[in-house]
Amino acid sequence: LAPQIADMILNGECDENNYALAVNLLEFAAMKENHVDSQNKLGELYLNGDYVEKDLEKAHYWFTNAAEQKSLPAIENLIAMYKDGLIDDASNEKLEQLMESAISLRLMLIFARIDENGNIIPEAFQDDKNIIEAASIIGCPVYNCGVNYVESKSFYENCNIAIDYLGKLIDF
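What counts, and at which threshold
- Residues numbered from 1 in each chain as written.
- Predicted model: local features only at pLDDT ≥ 70, side-chain atom pairs only at ≥ 80, totals over all residues.
- Heavy atoms only, no water.
- Salt bridge = Lys/Arg side-chain N within 4 Å of Asp/Glu carboxyl O.
- Helix = DSSP H or I, 4+ residues; strand = E, 2+ residues; numbered from the N terminus.
- Expected span 1.5 Å × (residues − 1).
- Buried < 20%, exposed > 50% of the residue type's maximum accessible area, 1.4 Å probe, protein only.
- Contact = heavy atoms within 4.5 Å.
- Phe/Tyr/Trp six-rings, centres within 6.5 Å; stacked < 30°, edge-to-face > 60°.
- Lys, Arg positive; Asp, Glu negative; His and termini not counted.
- Core = buried A, V, L, I, M, F, W, Y, C linked by side-chain atoms within 4.5 Å.
- Arc of directions from axis to C-beta.

Enquirer: What is the right way to look at the pattern of salt bridges in this model?
Expert: Pairs can form between side chains of opposite charge once their charged atoms are near each other. The final tally for this structure, using the stated rule, is 2 salt bridges. Note that Asp164 and Lys168 form a salt bridge whose closest N and O atoms lie 3.7 Å from each other. Of the two residues, Asp164 and Lys168 are both situated in helix α8 (residues 155–171); the distance of 4 residues between them amounts to about one turn of the helix.

Enquirer: I would appreciate a short explanation of helix α3 (residues 36–48) in the present structure.
Expert: Side chains of residues three or four places apart in an α-helix project in the same direction, reflecting 3.6 residues per turn. Here α3 spans 19 Å end to end across 13 residues, near enough to the 18 Å set by a 1.5 Å rise per residue. Those residues of α3 not exposed but buried are Ser38, Gln39, Asn40, Leu42, Gly43, Leu45, Tyr46 and Leu47. For α3, the elements touching its buried residues are α1 (2–10), α2 (19–32), α4 (56–67) and α5 (72–83). Trailing α3 by a residue or two, Gly49 shows a phi angle of about 70°, which is positive.

Enquirer: Is there a simple way to think about the packing of aromatic side chains in this case?
Expert: Within a pair of aromatic rings, the relevant descriptors are the distance that separates the centres and the angle that separates the planes. What the rule picks out here adds up to 3 aromatic pairs. Judged by centre distance (4.8 Å) and plane angle (75°), the ring pair of Tyr61 and Trp62 falls under edge-to-face. Under the relative-accessibility criterion, Trp62 is labelled buried at 6%.

Enquirer: Got a minute to help me understand the side chain of Lys129 in this structure?
Expert: Within the fold, Lys129 resides in helix α7 (residues 122–137). As a buried residue without a salt bridge, Lys129 has its nearest oppositely charged side chain in Glu133, at a separation of 7.4 Å. When residues no more than four places from it in sequence are discounted, the contact partners of Lys129 are Leu169 and Phe172.

Enquirer: Teacher, can you tell me more about the nonpolar core here?
Expert: Side chains of nonpolar character tend, in soluble globular proteins, to be buried together. Counting 32 residues, the largest nonpolar core has Leu42, Leu45, Tyr46, Phe63 and Ile75 as its most contacted members. Only α1, α2, α3, α4, α5 and α6 (92–111) provide two or more residues apiece to this core. In terms of residue count, the dominant contributor to this core is α5 (7 residues).

Enquirer: Would you explain α8 in this entry?
Expert: Along its 17 residues, α8 runs 24 Å from first to last C-alpha, staying within 8% of the 24 Å computed at 1.5 Å per residue. Three or more residues of α8 are buried, namely Asn158, Ile161, Ala162, Tyr165 and Leu169. Axial view of α8: buried residues confined to an arc of 95°, hence all on one face. Looking at α8, the residues exposed on the side facing more than 90 degrees away from the buried face are Tyr156, Ile163, Ile170 and Asp171. At its buried positions, α8 is contacted by α7.

Enquirer: Whenever I open this one, the environment of Ala22 confuses me. Can you help?
Expert: Counting through the fold element by element, Ala22 comes out in helix α2. Here Ala22 falls in the buried class, since its relative accessible area comes to 0%. Along the backbone, Ala22 and Lys32 are 10 residues apart, and their C-alpha atoms lie at a distance of 15 Å. Apart from residues lying up to four places away in sequence, Ala22 is in contact with Ala6, Ile9 and Leu10.

Now the structure itself:
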């Protein structure tokens with residue numbers, strides 16, 4: 001709830017624009033709840049000096065925490081900081097690692113059919129159905145697809161998720 005209230009304050013959706021409270025709420029969520037979006041938002045606030053004093057070390061700290069949880073926006077923010085020369089300990093090796101992580105996460109997003117909770121992504125399912133229909137119209141009898149692995153689920157659960165997804169496509 002803290003990140004949502006903070007966003008409402010920062011977006012001007014509240015009568016009282018108490019930005020210090022918003023920052024405190026984000027810090028609470030980032031530290032106590034390890035909330036990745038709050039960590040990234042704090043990084044952005046400190047990077048740009050929005051509602052807080054500009055502090056590149058704090059921006060780097062929060063982006064790094066979020067990036068360690070595979071936050072694509074945080075990884076992209078770190079890449080930008082490295083490229084802009086805003087990080088003292090910037091090394092080409094670290095930049096390459098971040099870029100590889102960003103590419104990997106982007107590819108997962110492009111090809112993901114299952115979200116991090118093990119649920120079918122409706123847009124991805126509809127895309128597969130559209131491709132099957134198009135293939136049928138042009139007389140292509142074969143359609144290959146796979147289902148992404150969800151790290152938070154066991155191998156057994158992932159197998160059942162994949163069977164469910166592919167079964168629904170077959171039923172289509």
